[in-house]
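A closer look at the structure
Each chain, letter by letter, is given below.
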Amino acid sequence: MSESCESERTSAMAHFQCLWPSHHAILLCVPSVLYFLGGFAGQLVSIQKLSIRKAWRLTRIVSSLSLLLSFACCSDALLHTPALVRRPRISSLLTIGSFHLSFRFDVVEALMLLLVTFLGWVIVSYSRAYMSGDPKEPRYIGNLMRTLAAVSLLVVTNNLVLFLLAWVLTSLSLHGLLTLYPHRQAAVIAAHKKFLASRLGDFTLLCGVMLLGSQTGSFEMDEVMHRISGSHPISASIHVAALLLAISAMIKCAQLPLHGWLIQVMEAPTPVSALLHAGVVNLGGFMLIRLAPVINTTQMAQGLLVVIGCLTAIISSLVMTTRISIKVHLAWSTCAQMGFMLMECGLGLYGLAFLHLLAHSLYKAHAFLGSGGTVNQAKLKRMMPPRPAIGVNALIGSALSGLFVAILGALLWQPHLRMNAVMIFCITVVGLATAGILAAISSTCSIEASLLLPISALGISVLYFGYDRLFQRLAPLATIGPAPQHAILIFPVACFALLYTLHAIIRANPLGQIATTLYPWFYAGLYLDELFTRATFRIWPAKQSSEITRRRDAAQPFEARGVRL
């Protein structure tokens, strides 16, 4: 039995990777080790062994070194892209029997590591001024650096057990940031809901990892995917494992109806919101991209991702239009974007999902860290004269024009375009997305704008389809698997067509019967979070801190406490 397992491991090595020496694994671990050591700066400040100024200086040095190292790794990956596409580099740091503590390095991992370290560098730099003078600075530094350490380890590991541990540590360290101010009752309740949802996601991921390891005889990601792709038929345990991984990813990405905590954690510091929305919440999509061959074996997992992701994207985008608060508006936007990303994974469009991951992370970090400027922009927007209403006919015409622009963008990359179900979905989504840009032509009197808007729409279409072709060359293993069924594709196409129709009706008549009827329901988020909140409080009620209790008692009248004046 051991000889057969060893021969399978050798075969997997020959097909999927070239081995690096162990010192390359150490290089991949350096950012996570640096972040972890930087977290001790907060403890040193607490015991008065280090000043807070030196602690921030140390964290800046750690984040800068991690960024430089990841930039070097990314440059090396881009220079050796053809070789990495054929054989991703696998480096083993420790081997105990059949257990291999290995790390994977290819273009996807290099870009993710660069993204994590860049966001870490930006957030650390921003936090230094934002948290200045706050008595919670030492605790904030420790939890922030530990979160970055866990995320940077998660994106480079090739071992499912280590991936699971990093997944859990990310959630636990982030919980410390969300409960930085325990006297804020709203923050405590939201963090409690997130804690329970995360434990459910951790349990489903644990069960999925155990099933994969028991069925394939290995916990190495590359070997697991190789053995699954070479086994026919796929066992029922693998189907169950793929379904559990999909559920864990949906919980991590705050999909409906377990989304309420993401909306309500706005009591945390703004850099924590940026870290959560730009980095941690995206990890579910990254897991699906890494384990794409496993997800593609089960149409039930693909269908679940498509249905839940599509419904989350549509409902969240409608709820987002009813919100005034900038941070709450951005939180609902994150739910919608994560739903769209998971839907793309369910459809097998992992390249476009990875584009969403990168673009959303950078955009959302900028949006949260620059939320003060967003408020000023909103004030200036209110001072401007209202734009003229766009009629239904103009919106229908812009939708048809958007579809034409999307087809033209696809033809530029594929002259012999095959109109299969997946391509119809992509053209529909890109066409309806660019229709909003084209609809503005009817309300402008500027000749320059009338020429610039169609060019912008065409540019978006060309970049969208071009990136998909690029990712297929950089990471072709992510596209292994059967194409999704037409029934799965019909659902999102119909949903997004219905969404655009509803948007056109409301935009043309914002005070009409349809808009006034739907507004209260979507403003309340269809009351989905209320049901989840009641269930969580019945299972495990949130404990109030002593400071919350003290402040509540101090606010009560003396007579209510039986004290005679």
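As a reminder, the structure under discussion sits directly above these lines.
Observations regarding the packing of helix 11 (residues 236-252) against helix 16 (residues 299-320)
It is at 8 Å that the axes of helix 11 and helix 16 come closest, and there the two elements cross at 20°. It follows from the interaxial angle that helix 11 and helix 16 lie roughly parallel. The way helix 11 lies across helix 16 gives a crossing that is right-handed. Residues Ala242, Leu243, Ala246, Ile247 and Met250 of helix 11 touch helix 16, and the partners they reach there are Met300, Ala301, Leu304, Leu305 and Ile308.

Here we look at the pattern of salt bridges
Summed over the entire model, instances satisfying the criterion amount to five salt bridges. We note a salt bridge from arginine 104 to aspartate 106, for which the minimum N-O separation is 3.3 Å. On the accessibility criterion, arginine 104 (7% relative accessible area) is buried. Between aspartate 529 and lysine 193 there is a salt bridge, with the nearest N and O atoms lying 2.9 Å from each other. Here lysine 193 lies in helix 9 (residues 185-216) and aspartate 529 lies in helix 25 (residues 528-539), a separation of 336 residues in the sequence. The exposure class of aspartate 529 is buried, given its relative accessible area of 10%. You can call lysine 193 buried: its relative accessible area is 1%.

Quick look at unusual backbone geometry
Leucine 256 connects to proline 257 through a cis peptide bond whose omega is 0°. Within the secondary structure layout, proline 257 lies in the loop between helix 11 and helix 12 (260-264). Despite not being glycine, leucine 526 has its phi angle at roughly 60°, a positive value. Tracing the sequence through the fold places leucine 526 in the loop between helix 24 (513-523) and helix 25. Note on leucine 526: relative accessible area 29%, which makes it partly exposed. Located in the positive-phi region is tyrosine 527, a residue other than glycine, with phi close to 60°. A relative accessible area of 41% places tyrosine 527 in the partly exposed class.

Focus: helix 16
With 22 residues, helix 16 extends 31 Å from end C-alpha to end C-alpha; this agrees with the ideal 32 Å at 1.5 Å per step. Helix 16 sits mainly inside the fold: 16 of its 22 residues count as buried.

Details of the environment of leucine 432
Within the secondary structure, leucine 432 sits in helix 21 (residues 421-439). On the basis of relative accessibility, which here comes to 18%, the residue leucine 432 falls in the buried class. C-alpha of leucine 432 to C-alpha of serine 398: the two residues are 34 residues apart in sequence and 8.5 Å apart in space. Not counting the four nearest positions on each side in its chain, leucine 432 is found in contact with Ala399, Phe496, Ala497 and Tyr500.

Each value, and the rule that gives it
- Residues numbered from 1 in each chain as written.
- Predicted model: local features only at pLDDT ≥ 70, side-chain atom pairs only at ≥ 80, totals over all residues.
- Heavy atoms only, no water.
- Axes fitted to C-alpha atoms, helices over the stretch in contact; angles between N-to-C directions.
- Helix = DSSP H or I, 4+ residues; strand = E, 2+ residues; numbered from the N terminus.
- Parallel < 35°, antiparallel > 145°, perpendicular 65-115°, else oblique.
- Left-handed = near helix turned anticlockwise from the far one by under 90°.
- Contact = heavy atoms within 4.5 Å.
- Salt bridge = Lys/Arg side-chain N within 4 Å of Asp/Glu carboxyl O.
- Buried < 20%, exposed > 50% of the residue type's maximum accessible area, 1.4 Å probe, protein only.
- Expected span 1.5 Å × (residues − 1).

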